[in-house]
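What the coordinates show
Okay, here's what each chain looks like letter by letter:
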Amino acid sequence: VLVPASTGINMSEYEVLRAVGTPKKFTDPGFANRGAAVRFIEAKAGKVASVEVDYNAEIMVGIEELKFFCRSGKQYSDAQNNNDRFGYVIATGKTVQTAIERCRTALQHVKIAMEDRHE
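Rules used in this analysis
Residues numbered from 1 in each chain as written. Predicted model: local features only at pLDDT ≥ 70, side-chain atom pairs only at ≥ 80, totals over all residues. Heavy atoms only, no water. Pairing = 2+ DSSP bridges. Helix = DSSP H or I, 4+ residues; strand = E, 2+ residues; numbered from the N terminus. Expected span 1.5 Å × (residues − 1). Buried < 20%, exposed > 50% of the residue type's maximum accessible area, 1.4 Å probe, protein only. Arc of directions from axis to C-beta. Contact = heavy atoms within 4.5 Å. Core = buried A, V, L, I, M, F, W, Y, C linked by side-chain atoms within 4.5 Å. Axes fitted to C-alpha atoms, helices over the stretch in contact; angles between N-to-C directions. Polar contact = N/O pair within 3.5 Å; in protein donor to acceptor, adjacent residues only side chain to side chain. Disulfide = S-S within 2.5 Å.

Before going further, it helps to examine the sheet that holds strand β6 (residues 110–114). Backbone hydrogen bonds are what pair the strands of a sheet, in a parallel or an antiparallel way. Spatially, three strands are ordered β4-β2-β6 in an open sheet, and the strand pairing comes out antiparallel. What marks the edges here is a single partner per strand, and that holds for β4 (75–76) and β6. As judged from the five bridges shared by strand β2 (residues 46–53) and β6, these two strands associate in the antiparallel manner. Bridging from a neighbouring strand, Glu52 pairs with Lys111 of β6.

Spelled out as structure tokens, the structure:
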């Protein structure tokens, strides 16, 4: 999602054209030159009580993808590697800074509540 969102390049098409000796140049008209950013939602130890998303976050300008891997009622441990994430958001903008700000804004609409460990 990140490469086509920021460049407009379909990597599968690009690789096929490259394999047959006619690759498109990245300077060809039609290629985008936008900023892109991804921000991850790091896993926390404990049981997820609820996942709430204001779905307006998904339709915000520049939000390309908002994805969750966590589920209510499931037990998680602290993040140990890059696979231990609750989710992520990918955004684009005229600049990288704009894309980063869009990610941050979208994540403000995400609430992942953990069960109280004393229950």
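Further remarks concern helix α3 (residues 96–107). Spanning 12 residues, α3 covers 17 Å between terminal C-alpha atoms, matching the ideal 16 Å at 1.5 Å per step. For α3, every residue scored as buried is listed here: Ala99, Ile100, Cys103 and Ala106. Considered in projection along α3, the buried side chains sweep an arc of 125 degrees and stay on one side of the axis. In this structure, the buried residues of α3 make contact with β1 (35–42), β3 (63–68), β5 (85–93) and β6.

With that settled, consider the pairing of β2. Alignment of β2 against β4, held across two bridges, turns out to be antiparallel. Note on β4: the bridge partner recorded for Lys47 is Gln75.

On to the nonpolar core. Within the largest apolar cluster, 19 residues are counted, with the highest numbers of intra-cluster contacts made by Val48, Leu66, Cys70, Phe86, Val89 and Ile112. Among the elements of the structure, β1, β2, β3, β5, α3 and β6 are those that each provide at least two residues to this core. With four residues, the top contributor of residues to this core is α3.

With that settled, consider the sheet that holds β1. Spatial ordering of the open sheet is given by β1-β5-β3, a layout of three strands whose pairing is antiparallel. Of all strands in the sheet, those with a lone pairing partner are β1 and β3, marking the two edges. Neighbour-to-neighbour, the strand axes of the sheet open up by a mean angle of 10 degrees, direction not taken into account. As defined by bridge partners, β1 adjoins β5 across eight bridges and the pair is classed as antiparallel. Bridge assignment links Arg39 to a residue of β5, and that residue is Val89.

We now examine the pairing of β5. Across the nine residues of β5, eight count as buried, placing the element largely inside the fold. In this structure, β3 lies alongside β5, joined through five bridges in antiparallel fashion. Bridge pairing in β5 places Phe68 opposite Gly87.

Next up on the list: helix α2 (residues 11–19). Of the residues flanking the start of α2, the one acting as N-cap is Asn10, its side-chain oxygen 3.0 Å from the backbone nitrogen of Ser12. Just beyond α2, the residue with positive phi is Gly21, at close to 90 degrees.

Counting across every chain of the model gives zero disulfides. Cys70 forms no disulfide, and the closest cysteine sulfur to it belongs to Cys103, at a distance of 17 Å. Residue Cys70 is classed as buried on the basis of its relative accessible area, which comes to 8%. Judged by relative accessible area, Cys103 falls into the buried class, the value being 0%.

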